[in-house]
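# Coordinate inspection notes
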Amino acid sequence: MDPETITGAIANNVRAQRAHRHMTLDELAARSGVSRGMLVQVEQGRTNPSINTLIRIADALGVTVARMVEVSDIPVVRVVNAADVVTFPHGEASSARLLVGTDAPAILELWDWRLAPGEHHDGDAHPSGTREMLTVLEGELTLSVYGRSHVIAEGGAVVFSADRPHKYTNQGEVPLRFVMVVTEPRETPDQ
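Presented here is an overview of the structure given in this document. (Residues numbered from 1 in each chain as written. Predicted model: local features only at pLDDT ≥ 70, side-chain atom pairs only at ≥ 80, totals over all residues. Heavy atoms only, no water.)

### A look at helix H1 (residues 3–20)
- With 18 residues, H1 should reach 26 Å at 1.5 Å per residue; the first-to-last C-alpha distance of 25 Å fits that figure.
- Every buried residue of H1 is listed here: Ile6, Thr7, Ala9, Ile10, Ala11, Asn13, Val14, Gln17 and Arg18.
- In this structure, the buried residues of H1 make contact with helix H2 (25–32), helix H3 (36–43), helix H4 (51–61), helix H5 (65–69) and strand S1 (86–90).
- Where H1 ends, the next residue or the one after it, His22, has phi of about 55°, a positive value. (Helix = DSSP H or I, 4+ residues; strand = E, 2+ residues; numbered from the N terminus. Expected span 1.5 Å × (residues − 1). Buried < 20%, exposed > 50% of the residue type's maximum accessible area, 1.4 Å probe, protein only. Contact = heavy atoms within 4.5 Å.)

Here is the structure:
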């Protein structure tokens, strides 16, 4: 899917979700920690926000990142072709691909991550109760949560509370690839 289509979908979806909740730009800025100016640029389709920015906006609106990048309504069965997967470039040779997601009846996202040797991603804290589960397909992941590091080898898996800052790092010599599921509660404590 081309970047202009994704940027347009994000703009429309953020505007629609904010309007549906009768939120002002200032209220969304306060809840998300994203500046009002950045929100204006996002809603006008003038910028393609980073993963962390999009996560903060989606969390503040109580929806998934997948809902933010949806181009059309979700049918009963939704097949996502490889060409339609939303890819967020990360660093020189890394990426995060949002394969599919839903926010009804449960908020779920399925991600395919690739981190080049020496690269990392700092994940912001998600809403209270959010969990992440992942499995390492290639390489070795160093996961840091709450000041502790955990090494997950190829073929291994981990589940953790993602309602605190966390970090994925490839400290190895070979590319790292992992698949991750994010699940968060439908209602966050401040709603």
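Still more to cover.
### Looking at the pattern of salt bridges
- Going through the model one piece at a time under the given rule, you end up with 7 salt bridges.
- Among the ionic pairs, Arg56 bridges to Asp124, the shortest N-O distance being 3.1 Å. In this pair, Arg56 is assigned in helix H4 and Asp124 in the loop between strand S4 (120–123) and strand S5 (131–138), connecting sequence segments 68 residues apart.
- A relative accessible area of 28% means that Arg56 is categorised as partly exposed.
- Overall, the relative accessible area of 26% leaves Asp124 in the partly exposed class.
- Ionic pairing is found between Asp112 and Arg114, a salt bridge with its closest N-O pair at 3.7 Å.
- Connected through salt bridges with shared partners, the residues Arg97, Asp112, Arg114 and Arg177 form a single ionic network. (Salt bridge = Lys/Arg side-chain N within 4 Å of Asp/Glu carboxyl O.)

### Remarks on the sheet that holds strand S2 (residues 94–102)
- Pairing in this open sheet of 6 strands is antiparallel, and the strands run S1-S2-S3-S10-S5-S8 from one edge to the other. Bordering the open sheet on either side are S1 and strand S8 (157–161), each of which pairs with just one other strand. On average, each strand axis in the sheet is tilted by 20° relative to the strand beside it, whichever way the strands run.
- Sheet analysis places S2 next to strand S3 (residues 107–115), joined by 7 bridges and oriented antiparallel. Along S3, the bridge assignment pairs Ala96 with Trp113. (Pairing = 2+ DSSP bridges. Axes fitted to C-alpha atoms, helices over the stretch in contact; angles between N-to-C directions.)

### Quick notes on the packing of aromatic side chains
- Under the criterion given, the structure shown has 4 aromatic pairs.
- Between Trp113 and Phe178 the ring centres are 6.0 Å apart and the planes differ by 5°, which places this aromatic pair in the stacked class. With Trp113 in strand S3 and Phe178 in strand S10 (residues 176–184), this pair connects stretches of sequence that are 65 residues apart.
- Residue Phe178 is classed as buried on the basis of its relative accessible area of 0%.
- An angle of 50° between the planes, with centres 5.3 Å apart, marks the rings of Tyr168 and Phe178 as tilted. Taken together, the positions of Tyr168 in strand S9 (residues 166–169) and Phe178 in strand S10 put the pair 10 residues apart, joining distant regions of the chain. With respect to class, Tyr168 is no different from Phe178; both count as buried.
- Here a set of aromatic residues connected by ring pairs shows up, and it is made of Trp113, Tyr168 and Phe178.
- Over the ring of Tyr146 we find Arg164, and its NZ or CZ is 4.7 Å from the ring centre. (Phe/Tyr/Trp six-rings, centres within 6.5 Å; stacked < 30°, edge-to-face > 60°. Lys NZ or Arg CZ within 6 Å of the ring centre and 35° of its normal.)

### A closer look at empty space enclosed by the protein
- With the rule as written, the count across this model stands at 2 cavities of 30 Å³ or more.
- Considering only enclosed or pocket space, the largest cavity measures out at about 110 Å³ in volume.
- The wall of the largest cavity is formed by 15 residues, among which Ile55, His121, His126, Glu132 and Met180 lie closest to the centre.
- Contributing elements (two or more residues each) for the lining of the largest cavity: H4, S3, S4, S9 and S10.
- Looking at the lining of the largest cavity residue by residue, the classes come out as 7 nonpolar, 5 polar and 3 charged.
- Of the volumes computed, that of the second largest cavity is approximately 60 Å³.
- If you go around the second largest cavity, the residues you meet are Ile55, Ala58, Asp59, Val63, Thr64, Val65, Ile107, Glu109, His126, Val182 and Glu184.
- Counting only elements with at least two residues in the lining of the second largest cavity, the list comes to H4, S3 and S10.
- If one sorts the elements of the lining of the second largest cavity by residue count, H4 sits on top with 3 residues.
- The class makeup of the residues in the lining of the second largest cavity is 6 nonpolar, 2 polar and 3 charged. (1 Å grid on protein atoms, 1.4 Å probe; cavity = no way out; pocket = protein on both sides within 12 Å on 5 of 7 lines; lining within 4 Å. Points joined across faces, edges and corners; volume = space filled by probe spheres on them. Nonpolar A, V, L, I, M, F, W, Y, C, P; charged D, E, K, R; others polar.)

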